[in-house]
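Survey of secondary and tertiary structure
One-letter residues, chain by chain:
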Amino acid sequence: GAREAAMRARLVAFVEAQPDAFERSLAMGHVTASAWIVDPARTRALLVHHRKLGKWLQPGGHADGDPDVRAAALREAREESGLGSLRFASEAIYDLDVHAIPARPGEPAHEHFDVRFAFEADPGEPLVTSAESHALAWVALGDLPAYGADESVLRLARKTAGIPG
C-alpha cells in the first residue's frame, strides 16, 4: 500500500543519509530488526510482553551496528524466545515500520526504522523467556485486539495469509 511505500522510501533515505544508521548511538533514530513468528498453520503468532513498554509486541531489537538486519532479526528472535525450530518463512523483507520512541531519562525521543522478517516455528516447543521479556505467548491472530495489539502488529497479522507455506 501507499503507507508502506512511504515508509520504505523513508527508510532508504535514512540509511543513505546516515552512515551510523545501524548504531543505537545515533540519537535521531536507528534501524531495528524484528521477527513475525507464526505457527505452521498460520493461525497464531508468538508475541513477547515487552517489559519497558508494557505492551505485547513481536520479538525484535536493535541492530547494534550490524547492517545484516536478517541476521539481527533471527538473533533477537532466538534470544527472546529460546526457540530452536525457528526458520525464515521467506527470504524477503516482510514489513517495514517507522515509529516514534518517546523520550526517556538519558535518551531523547527518536525513531525506530524497523525491518521485519517472517519466521515459522513449532508451537509445541517449550518457550524460554529472556531478561527483556517477562512473558511469551502464542496468540491466535483473531485474539490480538484483546492483547492490546497496536496497528503495527495488527498489520503484521493481516499479511500473514501471504506468507509462503
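Everything below is about the structure printed above this text.
Described in the following lines is the structure provided in the data block. (Residues numbered from 1 in each chain as written. Predicted model: local features only at pLDDT ≥ 70, side-chain atom pairs only at ≥ 80, totals over all residues. Heavy atoms only, no water.)

This part is about helix 1 (residues 2-17). For helix 1, built from 16 residues, the straight-helix expectation of 22 Å at 1.5 Å per residue is met to within 8% by its first-to-last C-alpha distance of 22 Å. Along helix 1, the residues classified as buried are Glu4, Met7, Leu11 and Phe14. Taken down its axis, helix 1 places every buried residue within 90° of arc, on the same side. Away from its buried face, by an angle of more than 90 degrees, helix 1 presents the exposed residues Ala2, Glu16 and Ala17. For helix 1, the elements touching its buried residues are strand 1 (29-38), strand 6 (95-101), strand 7 (110-120) and helix 3 (151-158). (Helix = DSSP H or I, 4+ residues; strand = E, 2+ residues; numbered from the N terminus. Expected span 1.5 Å × (residues − 1). Buried < 20%, exposed > 50% of the residue type's maximum accessible area, 1.4 Å probe, protein only. Arc of directions from axis to C-beta. Contact = heavy atoms within 4.5 Å.)

The next thing to look at is the nonpolar core. If you look at the biggest cluster of nonpolar residues, it comprises 30 residues, and the most contacted ones within it are Val31, Ile37, Leu86 and Phe119. Mapped by element, the contributors of at least two residues to this core are helix 1, strand 1, strand 2 (44-50), helix 2 (69-81), strand 6, strand 7 and strand 8 (133-140). No other element matches helix 2, which puts five residues into this core. With near-sequence residues (within four places) excluded, leucine 86 lies in contact with Ile37, Leu74, Ala77, Arg78, Ser81, Phe119, Glu120 and Ala121. Counting residues in each nonpolar core, the second largest holds 18 residues, with Trp36, Leu47, Leu156 and Ile163 among its members. (Core = buried A, V, L, I, M, F, W, Y, C linked by side-chain atoms within 4.5 Å.)

Going through the model one piece at a time under the given rule, you end up with four aromatic pairs. With centroids separated by 4.0 Å and ring planes inclined at 5°, the aromatic side chains of phenylalanine 14 and phenylalanine 113 adopt a geometry described as stacked. Remark: phenylalanine 113 occurs in strand 7 and phenylalanine 14 occurs in helix 1; sequence separation between them is 99 residues. Accessibility assignment for this pair places phenylalanine 14 and phenylalanine 113 in one class, buried. Note on tryptophan 56 and tyrosine 147: the rings are 5.2 Å apart at their centroids and 85° apart in plane angle, and the pair reads as edge-to-face. One end of the pair, tryptophan 56, is in strand 3 (residues 55-57); the other, tyrosine 147, is in the loop between strand 8 and helix 3, and 91 residues separate them in sequence. (Phe/Tyr/Trp six-rings, centres within 6.5 Å; stacked < 30°, edge-to-face > 60°.)

Purely geometric numbers; function is a separate question.
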